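In case you want the letters, here they are:
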Amino acid sequence: MPTLYFGKGSCALASLIALEESGLSFNAHKLNLANGDQRTPDFLKINPKGRVPALVTRRGTLTETPAILAYVAAMAPEAGLAPLDDPFEFARLQAFNNYICSTVHVNHAHRPRGSRWADEPAALEAMKAKVPQTMTESFTLIEETMFEGPWVMGERYTVADPYLFVMTDWLPSDGVDPARFPKVAAHHARMLERPAVQRALQREKI
């Protein structure tokens, strides 16, 4: 049975939701990120990057959200969480998830994690000040050109949906009103109605 290491308020929520949707049996191990659990020697043996999510499987440990989401979808094909039978559509799904990972999440991280890129207080403040603009630009692109509706890929719910849900949830803290993006905001509300999302959010609270 795989074990997902996650932390409250992190992007690992997307993987947790996908596992809840999949019907697969799994364990969930919550780390206290504020206390630095992700930097302990025990966890660094699991994921030397010192970050979540990390999914421990019989064949080894997977890290990085797009990889874990694709793995979950492939391991539970009956759940229909990815267009596994269509290489082009699957690549489009991967393109969306990789945009979230490489651009949207990085934009967000410049506010709470600016020390990854700079040390000078002025530089850190400049990065924080830029976040509302970069997040708005990213979500404008998603709203206008990438999101098909009612789900990311259209009529079919996929592992792209929990990933977008997490990023949308971060918008208020980044100084962006989600209401500026009606389709994305409606998607967020729709996600909150899903039992798998409710179960995942409950796991975060425990």
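Description of the structure in this document. Note that this is a predicted model, so its numbers are computed, not measured.

Quick look at the packing of helix α1 (residues 12-22) against helix α3 (residues 65-75)
Working step 1: The contact between α1 and α3 brings their axes to 10 Å, and the two run at 0°. By the criterion of interaxial angle, the relationship of α1 to α3 is roughly parallel. Taking contact as the criterion, the partners of A14, S15, A18, L19 and S22 in α1 are, on α3, T65, I68, L69 and V72.
Working step 2: Looking at side-chain class alone, the contact of α1 with α3 contains six nonpolar, three polar and no charged residues.

Some remarks on the layout of surface pockets
Working step 1: If you add up the space inside the largest pocket, you get close to 820 Å³.
Working step 2: R51, V52, H105, R113 and R116 are the residues nearest the centre of the largest pocket, which is lined by 30 residues in total.
Working step 3: The set of elements that each furnish at least two residues to the lining of the largest pocket consists of α3, α4 (87-109) and α6 (160-170).
Working step 4: Among the elements that line the lining of the largest pocket, the one with the most residues is α4, at five residues.
Working step 5: Residues of the lining of the largest pocket, tallied by class, amount to twelve nonpolar, ten polar and eight charged.
Working step 6: Space inside the second largest pocket adds up to approximately 280 Å³.
Working step 7: Those elements that provide at least two residues to the lining of the second largest pocket are β3 (54-57) and α3.
Working step 8: Residue classes in the lining of the second largest pocket are distributed as nine nonpolar, two polar and two charged.

Some points on α4
Working step 1: Look at α4: 31 Å from first C-alpha to last across 23 residues, which is about the 33 Å you get at 1.5 Å a residue.
Working step 2: Residue I100 marks the point of greatest curvature in α4, where the axis turns by about 35°.
Working step 3: Of all the residues in α4, the buried ones are L93, F96, N97, Y99, I100, V104, H105, N107, H108 and A109.
Working step 4: Those residues of α4 that are buried are in contact with α3, α5 (121-146) and α6.
Working step 5: For α4, the N-terminal cap is D86; the gap from its side-chain oxygen to the backbone nitrogen of F88 is 3.1 Å.

What about the side chain of N97?
Working step 1: Tracing the chain through its elements places N97 in helix α4.
Working step 2: Once residues lying within four places of it in the same chain are set aside, the contact partners of N97 are P66, L69, V159, A160 and Y163.

Details of the pairing of strand β2 (residues 27-31)
Working step 1: Where strand β1 (residues 3-7) meets β2, five bridges bridge the pair, whose relative direction is parallel. Looking at the pairing, F6 lines up with K30 of β2.
Working step 2: Crossover handedness for the path β1 to α1 to β2: right-handed.

Examining α5
Working step 1: Helix length check: α5, at 26 residues, gives a terminal C-alpha distance of 36 Å against a target of 38 Å (1.5 Å per residue), a fit within 8%.
Working step 2: Where α5 bends most, the angle comes to about 35°, and this point is V131, followed within four residues by the proline P132.

Brief notes about the packing of aromatic side chains
Working step 1: Counted according to the given criterion, the structure contains three aromatic pairs.
Working step 2: Aromatic side chains Y5 and F43 sit 5.7 Å apart centroid to centroid with 50° between the ring planes, which places their arrangement in the tilted category. You can see Y5 sitting in strand β1 and its partner F43 sitting in helix α2 (residues 41-46), a full 38 residues away along the chain.
Working step 3: You can call Y5 buried: its relative accessible area is 15%.
Working step 4: For the pair F139 and F181, a centre-to-centre distance of 5.8 Å together with 40° between the ring planes defines the contact as tilted. With F139 in helix α5 and F181 in the loop between α6 and α7 (182-192), this residue pair connects regions lying 42 residues apart in the sequence.
Working step 5: F139 sits in the buried class, given a relative accessible area of 0%.
Working step 6: Look at F181 and you get buried, because its relative accessible area is 4%.
Working step 7: Here R194 stacks its cationic end above the ring of Y157, 3.7 Å away from the centre of that ring.

Cut-offs and rules
- Residues numbered from 1 in each chain as written.
- Predicted model: local features only at pLDDT ≥ 70, side-chain atom pairs only at ≥ 80, totals over all residues.
- Heavy atoms only, no water.
- Axes fitted to C-alpha atoms, helices over the stretch in contact; angles between N-to-C directions.
- Helix = DSSP H or I, 4+ residues; strand = E, 2+ residues; numbered from the N terminus.
- Parallel < 35°, antiparallel > 145°, perpendicular 65-115°, else oblique.
- Contact = heavy atoms within 4.5 Å.
- Nonpolar A, V, L, I, M, F, W, Y, C, P; charged D, E, K, R; others polar.
- 1 Å grid on protein atoms, 1.4 Å probe; cavity = no way out; pocket = protein on both sides within 12 Å on 5 of 7 lines; lining within 4 Å.
- Points joined across faces, edges and corners; volume = space filled by probe spheres on them.
- Expected span 1.5 Å × (residues − 1).
- Bend = angle between axes of the 7 residues up to and from the residue.
- Buried < 20%, exposed > 50% of the residue type's maximum accessible area, 1.4 Å probe, protein only.
- Polar contact = N/O pair within 3.5 Å; in protein donor to acceptor, adjacent residues only side chain to side chain.
- Pairing = 2+ DSSP bridges.
- Right-handed = clockwise from strand over helix to strand, strands pointing away.
- Phe/Tyr/Trp six-rings, centres within 6.5 Å; stacked < 30°, edge-to-face > 60°.
- Lys NZ or Arg CZ within 6 Å of the ring centre and 35° of its normal.

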